[in-house]
Amino acid sequence: LAQSLLALFASSLAISLVFAIIPLCHNVVVLAVVMAVAGLAMGCIDTISNMQLVKIYQKDSAIFLQALHFFVGFGALLSPLIADPFLSDTNCILANGTANASSNLPHIRKSLLPHHPGNLSHYALPMKGMVVTRVSYAFWIMALINLPVPIAVFFLLYKERMVPCFNGSSHPLLSADELALETRPGDKDELSTAAQRPHTAAAGHEDLFNCCQSKNFRGVSFTYFAVHITGALVLFMTDGIVGEYSGFVYSYAVEEPLAVVHKVAGYLPSLFWGFITLGRLISIPVSYRMKPATMVFINVVGVLITFLLLLIFSSSVVFLFVGTASLGLFLSSTFPSMLAYTEDILQYKGCATTVLVTGAGIGEMVLQLLVGSIIHDRGSYSFLVCGMIFGCLAFTFYALLVFFHRMYPKPCPELDEASPEKAAVPEDTGQYQR
């Protein structure tokens, strides 16, 4: 836990520093390096936060994962709104031909669409002159907004006596796993199991890289690897759909046959992320009543049906907005539900989380590149066809995951939380007085 919190502190602080530095980068190579650092930091935060929630809350982790990813979607929805007032509608370099260049911007924007790159040589844009832009303020505001996060993580490290230089007499915020226990009131026999969790975790998870040690793979069945791979492939497809849809729905909308006005088409990505955020908010109470496997099934089937209807009504602007909202709603809880489902199969070791987060990140990167090149060669309609294919693959991989789940060996009775041996452990361990 100390290693994880220190990594979260360093990563969240790095993001604030990166956002403060970005406006000061006057070289594209320096900017690329700075952005790479931000990507590494975000990847660490994504993996560690998901993994620790699974390891701490175990069977209750689905609710906390939904809450975590609600804030992910909320941030993705909020940050463009913060940046919007500082974006310029005209060219950012003042010169003699500025007025003419500003009038050319809508035409240039249309010419830069993936399907028809066009010839930009006849558009006059000034390349030298006084730079007038306020976009730097957007980055600095985001850096300040993010700054309370590393401060809060450091405070948690300090209160839990995990800061090497500050091992004072401060009292821990919570003793052992009391917060996890509070999510299951009335379940008294859980106390003994939870009291033993820190010792079990210490024996099985000495460090963050314990999952990669070869000794842990001895004697495991092939279904152990199959569950990891199929779960990662489901998220590869679904997170890839999130990336490619939010990235290309605007380009698809402004092209024929829809030819939506540019300003109206600009609302589509915001609508998509808005319904992802709404869906994750709804999923927090729903995940308390519904199993993660059921939620994932509803999600992948909903994505398939939505893409099918988008293909059928491909000439309807109204249904494009309805379909975008529906797709965001169904994709919203796929990631946290799949994490909870896979970790439930694998007895909450936390190892699957790293594999699944990596698979999702690769899918979001690769499928955007793939779809962009296909749209360039085949036209805008292929955008929906690609989404339908990815949806079918996601459903297929989910069916394989369920199949391997049925084949996966059940845990031994003595390791099961419902085993009779737990009754012999005293209920009051002295650790959880309130």
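This text gives an overview of the structure that appears in the document. Just so you know, these numbers come straight off a predicted model, no measurement behind them.

This paragraph deals with the packing of helix α11 (residues 267–289) against helix α13 (residues 317–332). Pairs of packed helices are described in terms of their axes, by the angle between the two and the distance that separates them. Packing of α11 against α13 brings their axes to within 7 Å, and their N-to-C directions diverge by 35°. Regarding α11 and α13, the two cross each other, and that crossing is right-handed. For the pair α11 and α13, contact is made by L268, L271, F272, F275, I276, G279, R280 and S283 and by L320, F321, T324, A325, L327, G328, L329, L331 and S332, respectively. Here the contact of α11 with α13 is composed, by residue class, of 11 nonpolar, 5 polar and 1 charged.

Here the focus is a nonpolar patch on the surface. Residues L13, L17, I21, L144, L147 and I151 make up a contiguous nonpolar surface patch of about 530 Å² in total accessible area. In terms of residue count, the dominant contributor to the nonpolar patch is helix α1 (residues 2–21) (3 residues). For I21, the position within the fold is in helix α1.

This next bit is on the environment of F383. With respect to the helices and strands, the residue F383 is situated in helix α16 (residues 382–407). Here the alpha-carbon distance between F383 and F248, two residues 135 residues apart in the chain, equals 7.6 Å.

Y245, F307, L320, M338, F383 and Y398 are the most contacted members of the largest nonpolar core, which has 65 residues in total. Ranked by residue count, the leading element in this core is helix α9 (residues 222–254), at 16 residues. Counting contributing residues, this core receives three or more from each of domain 1 (1–90 + 134–165) and domain 2 (221–410). In contact with F307, other than residues within four places in its own chain, are I241, E244, Y245, L327, L384, G387 and M388. Counting residues in each nonpolar core, the second largest holds 7 residues, with L5, L8, V153 and M162 among its members.

A few words on helix α6 (residues 148–159). Under the 1.5 Å per step criterion, the end-to-end length of α6 is 16 Å for 12 residues, consistent within 8% with the ideal 16 Å. Against α1 and α5 (135–146) lie the buried residues of α6. Trailing α6 by a residue or two, R161 shows a phi angle of about 60°, which is positive.

Attention now goes to the side chain of S332. Mapping S332 onto the fold places it in helix α13. Note on S332: relative accessible area 1%, which makes it buried. S332 has contacts with F275, I276, G279, R280 and S283, leaving out every residue within four places of it along the chain.

Residue position: G359 is located in helix α15 (residues 351–378). Of the residues examined, G359 reaches a relative accessible area of 12% and is grouped as buried. Setting aside anything within four residues of it in sequence, one finds G359 in contact with A232 and F236.

A separate point is the environment of V301. As for its placement among the helices and strands, V301 is situated in helix α12 (residues 292–312). Once the C-alpha coordinates of V301 and F330 are considered, the two residues, 29 residues apart in sequence, prove to be 8.6 Å apart.

What the rule picks out here adds up to 18 aromatic pairs. Ring centres 6.1 Å apart and planes at 90° place the aromatic pair F222 and F404 in the edge-to-face group. With F222 in helix α9 and F404 in helix α16, this residue pair connects regions lying 182 residues apart in the sequence. Owing to a relative accessible area of 52%, F222 belongs among the exposed residues under this scheme. Aromatic rings pair up to connect Y245, Y252, F272, W273, F307 and F383 into one cluster.

Reading the values: rules and limits
- Within any chain, residue numbers begin from 1 and follow the written order of that chain's sequence.
- Residue-level local features of this predicted model are given only where pLDDT is at least 70; pairs of side-chain atoms are given and counted only at 80 or more, and the full residue set underlies all totals for whole chains, interfaces and linings.
- Here the side-chain values reflect all heavy atoms present in the structure, with hydrogen atoms and water set aside.
- The angle between two axes is taken between their N-to-C directions and runs from 0 to 180 degrees, where each axis is a line fitted to C-alpha atoms and a helix contributes only its stretch in contact.
- Where helices and strands are cited, they refer to DSSP runs of H or I of at least four residues and of E of at least two residues respectively, numbered from the N terminus.
- Working rule for handedness: look at the near helix, and if it is turned counterclockwise from the far one by less than a right angle, call the crossing left-handed; if clockwise, right-handed.
- Should any heavy atoms of two residues lie within 4.5 Å, those residues are considered in contact.
- Each residue gets one label: Ala, Val, Leu, Ile, Met, Phe, Trp, Tyr, Cys and Pro are nonpolar, Asp, Glu, Lys and Arg are charged, and the others, such as Gly, are polar.
- Residues forming no salt bridge and having over 30% relative accessible area are the ones grouped into patches, like charges within 9 Å of each other and nonpolar side chains (Val, Leu, Ile, Met, Phe, Trp, Tyr) within 5 Å.
- The Shrake-Rupley method, run with a 1.4 Å probe sphere, supplies the accessible areas, and residue values consider only the shown protein chains as cover.
- Salt bridges, as used here, are contacts in which a Lys or Arg side-chain nitrogen is within 4 Å of a carboxyl oxygen on Asp or Glu.
- Only buried Ala, Val, Leu, Ile, Met, Phe, Trp, Tyr and Cys residues count toward a nonpolar core, and they belong to the same one when joined by side-chain atoms within 4.5 Å.
- Throughout this description, buried means an accessible area under 20% of the type-specific maximum (1.4 Å probe, protein chains only), exposed means over 50%, and partly exposed covers the range between.
- Those domain boundaries reflect an automatic or database domain assignment.
- To estimate the expected span of a helix, count its residues, drop one, and scale the result by 1.5 Å.
- Aromatic pairs are defined between Phe, Tyr and Trp rings, using the six-membered ring for Trp, whenever the two ring centres lie within 6.5 Å; interplanar angles under 30 degrees are classed as stacked, those over 60 as edge-to-face, and all others as tilted.

Everything listed here is a matter of coordinates, which is why it stays silent on function.
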